[in-house]
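# Remarks on the overall topology
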Amino acid sequence: APPTGLRLPCNIYDWDKNDNIGAILTNVLFADYDHTDKCSEASPIGVNTQDKRNNHFDYLTMFRNVTVDGSKIMDAQGSVKDIVIHDIDGFTNPSGQISRPGMFVSNIRSLKAFASQTCQNYPNGISYCPDNCYRTITFVVDQESSKTFDLRVTRQSDGEEVLVSHTYIYDDDTHRSHYHENTRRFSVSLPEGSYKAEFISELQQTWPQFVLPTWEGIPLCEGYVSAFNLTLVEPPAVCNEVIVNGDMEQGIYGWLHMSWSHETKNGDL
């Protein structure tokens, strides 16, 4: 891997500790990363590309009085696709205009569409959204019924909407895809406003077998969405059986693997 000043983890492993905050950088200067020699691929800041866990960035990271001196900012390539880093005093704004808090995010539409100002794209897969503060919520759902699902999030004030894909990595693994802890996740990071979220499949409203909303840590900036302003729309229930595939006529569909010593592909649970 090329030299990197700070390589951030993707995930918090001890959840519900330290307020679910990954790192707070204060009074840090990144300098001398512009090279034309063998270190030409050096980067001030990067993200771990090996240990992706849920293929999602939940390592809540905040910058305060952090300066990146040079043309390079951050390398987000080859990592997860939903990086969200808080510049809580606006000091790290690549444009040099220090004002209110801003956000470093992966260069994808779902992380930029609701920004209060136009996000600026930079090399290596990163964007900066000035005058914004996001908070992230992850909807944890069953992995079996949700392969074709997207999460549609709509801002109530103007109808602006985004489709958020899941970050699942085990669909092609017949064994691990049945582990009870390998749930599917849909994550969305939002500034303040009123929103509704709904699961869709082929553009039709639908619902997984279960949904567990999980709010990630609270950032040290103002202007992020609150739990009171996000509504998850649940369509009318259709229940043909109390236990999904309770008679196992569909094999092990809907049944989750609880033992580490057996192979689900052989029918073991």
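In what follows, the accompanying structure is described. Not measured: the values here are computed from a predicted model. (Residues numbered from 1 in each chain as written. Predicted model: local features only at pLDDT ≥ 70, side-chain atom pairs only at ≥ 80, totals over all residues. Heavy atoms only, no water.)

Another point: the sheet that holds strand β6 (residues 102–106). Taken in spatial order, the 6 strands of this open sheet run β2-β4-β5-β6-β8-β7, and their pairing is mixed. The open sheet has two free edges, formed respectively by β2 (23–30) and β7 (120–122), since each of these has just one partner strand. Looking at each pair of strands side by side, their axes are set apart by 25° on average, direction ignored. Pairing analysis gives 5 bridges linking β6 to strand β8 (residues 126–130), with the strands arranged antiparallel. Among the inter-strand pairings, M103 is bridged to a residue of β8, identified as C129. (Pairing = 2+ DSSP bridges. Helix = DSSP H or I, 4+ residues; strand = E, 2+ residues; numbered from the N terminus. Axes fitted to C-alpha atoms, helices over the stretch in contact; angles between N-to-C directions.)

Within the structure shown, the criterion is met by 2 disulfides. For C119, the disulfide goes to C129, at an S-S distance of 2.0 Å. Handedness here is read from the sign of the S-S torsion; for C119 and C129, about 105°, the answer is right-handed. With C119 in the loop between β6 and β7 and C129 in strand β8, this pair connects stretches of sequence that are 10 residues apart. Among the residues examined, C129 registers a relative accessible area of 0% and is labelled buried. Disulfide pairing is shown between C133 and C221; the S-S distance is 2.0 Å. The S-S bond linking C133 to C221 shows a torsion near 70°; that makes this disulfide right-handed. Of this pair, C133 sits in the loop between β8 and β9 (135–141) while C221 is found in the loop between β15 (211–215) and β16 (230–232), placing the two residues 88 residues apart along the sequence. (Disulfide = S-S within 2.5 Å. Buried < 20%, exposed > 50% of the residue type's maximum accessible area, 1.4 Å probe, protein only.)

Before going further, it helps to spend a moment on the packing of aromatic side chains. Counted according to the given criterion, the structure contains 7 aromatic pairs. With centroids separated by 4.8 Å and ring planes inclined at 70°, the aromatic side chains of F104 and Y128 adopt a geometry described as edge-to-face. You can see F104 sitting in strand β6 and its partner Y128 sitting in strand β8, a full 24 residues away along the chain. Pair check on accessibility: F104 and Y128 agree, each one buried. Through successive ring pairs, a cluster of aromatic residues spans F139, F149, F186, F199 and W207. (Phe/Tyr/Trp six-rings, centres within 6.5 Å; stacked < 30°, edge-to-face > 60°.)

Attention shifts here to the side chain of T138. Following the sequence through the fold, T138 ends up in strand β9. Among the polar contacts made by the side chain of T138, one reaches the side chain of S187 at a distance of 2.6 Å. Aside from chain neighbours lying at most four places away, what touches T138 is H56, R185, F186, S187, L212, P213, T214 and E216. (Polar contact = N/O pair within 3.5 Å; in protein donor to acceptor, adjacent residues only side chain to side chain. Contact = heavy atoms within 4.5 Å.)

The next thing to look at is the nonpolar core. With 24 residues, the main nonpolar core has F63, M74, I85 and F104 as its most contacted residues. Among the secondary structure elements, those contributing two or more residues to this core are β2, β3 (43–47), β4 (61–68) and β8. Once residues within four sequence positions are removed from consideration, F63 is found in contact with L25, I45, M74, I85, H86, D87, I88, D89, T92 and F104. Membership of the second largest hydrophobic core comes to 18 residues, among which are V162, F186, Y195 and F199. (Core = buried A, V, L, I, M, F, W, Y, C linked by side-chain atoms within 4.5 Å.)

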